[in-house]
Amino acid sequence: MLACLIGCALAFSGPTVVATQATATPVKCGGPLCSDTLLHPVPSRRLATGVRHAPRGILLSAAQTKAEPPSGEAMLRATAFTFVLGLSLTTLTPAPHLVGELGQVNGVRLLTALATTSAATEIGLSPIIGGLSDSLGRKPVLIGTLGSALLASVAAAIAPSVATVALQKFVSGAVVGIFFLAAGAILADKFRTEPQKLAASSGILFALVNAGFGIGIALSGLLPTGLRIRYTASSVVCLVGV
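Residues numbered from 1 in each chain as written. Predicted model: local features only at pLDDT ≥ 70, side-chain atom pairs only at ≥ 80, totals over all residues. Heavy atoms only, no water.

Peer 1: So what's going on with the environment of L98? Which residues, and what values?
Peer 2: Along the chain, L98 turns up in helix α5 (residues 94-102). A relative accessible area of 0% means that L98 is categorised as buried. Spatially, the C-alpha atoms of L98 and R109 are 10.0 Å apart, while their sequence positions differ by eleven residues. Sequence-distant contacts of L98, defined by excluding residues within four places in its chain, comprise G103, G107, L110, L111, L114, V162 and V165. (Helix = DSSP H or I, 4+ residues; strand = E, 2+ residues; numbered from the N terminus. Buried < 20%, exposed > 50% of the residue type's maximum accessible area, 1.4 Å probe, protein only. Contact = heavy atoms within 4.5 Å.)

Peer 1: Describe the layout of surface pockets, with residues and values.
Peer 2: Think of a ball as big as a water molecule: rolled over the atoms, this probe shows where empty space is left. Of the voids in this model, the largest pocket is the one considered here, and its volume is about 390 Å³. In terms of lining residues, the largest pocket is bounded by 15 residues, among which M75, L76, T79, K139 and L142 are the most central. When residues of the lining of the largest pocket are traced back to their parent elements, those giving at least two are α4 (72-88), α7 (138-158) and α10 (227-241). For the lining of the largest pocket, the element with the highest residue contribution is α4, accounting for six residues. (1 Å grid on protein atoms, 1.4 Å probe; cavity = no way out; pocket = protein on both sides within 12 Å on 5 of 7 lines; lining within 4 Å. Points joined across faces, edges and corners; volume = space filled by probe spheres on them.)

Peer 1: Provide a residue-level description of helix α8 (residues 162-190), including the pertinent values.
Peer 2: Its 29 residues place the ends of α8 43 Å apart at the C-alpha level, agreeing with the 42 Å of an ideal helix rising 1.5 Å per residue. Of all the bends in α8, the greatest, near 25°, is centred on V175. (Expected span 1.5 Å × (residues − 1). Bend = angle between axes of the 7 residues up to and from the residue.)

Peer 1: Tell me about the packing of helix α6 (residues 104-136) against α7, and please be specific about residues and values.
Peer 2: Two quantities define a packed helix pair, namely the angle between the helix axes and the distance between the axes. Remark: α6 packs on α7, axes separated minimally by 6 Å, with the N-to-C direction vectors making an angle of 130°. In terms of orientation, α6 lies oblique with respect to α7. Along the contact surface, α6 presents I129, S133, D134 and L136, while α7 presents R138, P140 and V141. For the contact of α6 with α7, a count of residues per class yields four nonpolar, one polar and two charged. (Axes fitted to C-alpha atoms, helices over the stretch in contact; angles between N-to-C directions. Parallel < 35°, antiparallel > 145°, perpendicular 65-115°, else oblique. Nonpolar A, V, L, I, M, F, W, Y, C, P; charged D, E, K, R; others polar.)

Peer 1: Break down the pattern of salt bridges for me, citing the residues and quoting the values.
Peer 2: Once the charged atoms of two side chains with opposite charge are near each other, the side chains can pair. Evaluated as defined, the whole model comprises five salt bridges. Between K190 and E73 there is a salt bridge, with its nearest N and O atoms 3.4 Å apart. You can see K190 sitting in helix α8 and its partner E73 sitting in helix α4, a full 117 residues away along the chain. Its relative accessible area of 15% is what places E73 among the buried residues. Residue K197 is joined to E194 by a salt bridge in which the shortest nitrogen-to-oxygen separation is 3.2 Å. K197 sits in the partly exposed class, given a relative accessible area of 47%. Its relative accessible area of 31% is what places E194 among the partly exposed residues. If you follow the salt bridges from partner to partner, you end up with E73, R77 and K190 in one network. (Salt bridge = Lys/Arg side-chain N within 4 Å of Asp/Glu carboxyl O.)

Without other data, these values stay purely geometric and don't point to any function.
Here is the structure:
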């Protein structure tokens, strides 16, 4: 009976001893550097350092997120801000020049006529521009308004006169409303089923527009009084918006 118990005990303990010996790192003892700790398995580099590698999918997702270009909404906001900033640099310029060249009565009459006709042109062109934006797309309308304002500013910068200054005043007053008509249509297309996001995005856009107008008016007071310099600055800023 005692022999049977001893045999069973050896049978159960034998594989454990063999497994332990199989996992141990063989080291020749006898030297001064011999240590009992060298007989134990060396932990893997990952467990020793405690560094966990991120899954490959997460790394690829992060790389794609960093490489994403600016969204169309962000570009629209930047364009609107730049456009209004460029036009506002010369908002106060035509009045003193026209009054000085034509006299107070004729100058005021011309300014009134320019404001009236530009507003009427904007109202008359709005349905036509709306149809064109539906058929051709919103972006061509935006580029057309920006290009028109840019050409008018360039003409006033190259040959400043009563005619070119009045033309720039008329064009800038007419295209502003058309530009924001197309911009509002872009936002409506993007957030057609999300009215809350549409309201929030529209609020941010018009806040940037008001900021651009205020900054442009403030900067215009710092510019020299020469027409060439003022309209050149306006042209450069509008070119950046295009």
